[in-house]
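Residue-level structural notes
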Amino acid sequence: MPSPAFGTSLKPGEAFTLMKLVVRNLVDAGGALPATLSSLPALPSASDKIRTLQPARNASGDWVMKIDGVDTLYDMNDFPIVVKKNAVEFWDFKIGSAGMPHPIHLHGFLFRVLSRTGTPPEVAAQSVDASGRMVTDLGFKDTVLVWPGETVRVAIDFHHCFGAEEHYMVHCHVLEHEDMGLMTNVKVIA
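Okay, so let's go over this structure. (Residues numbered from 1 in each chain as written. Predicted model: local features only at pLDDT ≥ 70, side-chain atom pairs only at ≥ 80, totals over all residues. Heavy atoms only, no water.)

1. Remarks on the overall build of the protein
Threshold: Numbering of helices and strands runs from the N terminus, with a helix taken as a DSSP run of H or I at least four residues long and a strand as a DSSP run of E at least two residues long. In this description the radius of gyration comes from C-alpha coordinates, and the expected globular size is given by 2.2 Å times residues to the power 0.38. Burial classes: relative accessible area under 20% of the type maximum marks a residue as buried, over 50% as exposed, and values in between as partly exposed (1.4 Å probe, protein chains only). Two residues qualify as a contact provided that any one of their heavy atoms is within 4.5 Å of a heavy atom in the partner residue. We get accessible surface area from the Shrake-Rupley algorithm with a probe of 1.4 Å; when it comes to residues, only the shown protein chains can shield them. We score Asp and Glu as negative and Lys and Arg as positive, and we do not count His or the chain ends. By convention, the point assigned to a charge is CZ for Arg, NZ for Lys, CD for Glu and CG for Asp.
Within the protein, the regular secondary structure consists of two helices and 11 strands. Order of helices (α) and strands (β) in the protein, N terminus to C terminus: β-β-β-β-β-β-α-β-β-β-β-α-β. Taken over C-alpha atoms, the radius of gyration comes to 22 Å for the protein, far larger than the 16 Å a tight globule of 190 residues would show. With respect to the three principal axes, the spread of C-alpha positions in the protein is 60 × 45 × 35 Å. Counting all 190 residues of the protein, 34% fall into the buried class. A separation of at least 24 residues holds for 72% of the contacts in the protein among residues at least 6 apart in sequence. Of the roughly 11,900 Å² of accessible surface on the protein, a fraction of 57% belongs to carbon and sulfur atoms. Across the protein, 16 positive and 21 negative side-chain charges occur, with their mean positions spaced 5 Å apart.

Below, the structure written as structure tokens:
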């Protein structure tokens, strides 16, 4: 099937050749693929600390990150979340029942999704386990989409090799929300 000429348009769904691959020599790949390509460590079952982070608007209409129920306006010199190096914490990302989904992103650390609760039925239908997780929740993450009315619990392992105090950020990845300060700083101390 020929590629479309430059400047022509295709009908919706019409096929066209994008690339042609030509195999000139077959090469032995050297054996069978392993049954498992990789594995993840077990999920943590408990944490000394559970924090709740909730993007919300305050009484003035400003975006804030509620941390354990307290409105926190973004200040680049303030660190409302302080974590001990090597700690494992559970965080609940919670979205009110009205509004839109928020992709919540954490800088510097990966996390594991432990559970989803309050998930809208259309999204919950995609869950793959009793914890309400979707297939996209099963590996390491740095961003998780939280739907209106939903709480997503994550486990964050704050192990790192730096000896000094380190600064990170957690924020909503909706560009307009970032511009309006829907973020907060995280300090990891030795």
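2. As for the sheet that holds strand β8 (residues 143-146)
The cut-off we apply is this: Pairing between two strands is assigned when DSSP locates at least 2 bridges connecting them. Note on geometry: axes are lines fitted to C-alpha atoms, helical ones only across the stretch in contact, with angles between N-to-C directions running from 0 to 180 degrees.
Across the sheet, which stays open at both edges, the five strands sit in the order β3-β11-β10-β5-β8 with mixed pairing between neighbours. Here the strands that pair on one side only, and so sit at the sheet edges, are β3 (81-84) and β8. Strand after strand, the sheet turns through a mean of 20° between neighbouring axes, direction not considered. Two elements, strand β5 (residues 102-106) and β8, share four bridges in a ladder whose sense is antiparallel. Bridge assignment links Ile-104 to a residue of β8, and that residue is Val-144.

3. A short note on the environment of Val-154
Relative to the helices and strands, Val-154 resides in strand β9 (residues 151-157). On the basis of relative accessible area, Val-154 is assigned to the buried category, the value being 0%. On a C-alpha basis, the gap between Val-154 and Val-113 in space is 4.4 Å, while along the polypeptide they are 41 residues apart. Every residue in contact with Val-154, bar those within four places of it in the chain, is listed here: Glu-89, Phe-90, Trp-91, Phe-93, Phe-111, Arg-112, Val-113 and Leu-114.

4. Here we look at the pairing of strand β10 (residues 166-172)
Here β10 lies mainly inside the structure; five of its seven residues are buried. By the bridge criterion, three bridges tie β5 to β10 in an arrangement that is antiparallel. Directly across from Leu-106, in β10, lies its bridge partner Val-170. With six bridges connecting them, β10 and strand β11 (residues 183-189) associate as antiparallel partners. Within β11, the residue paired with His-171 across the bridge is Met-183.

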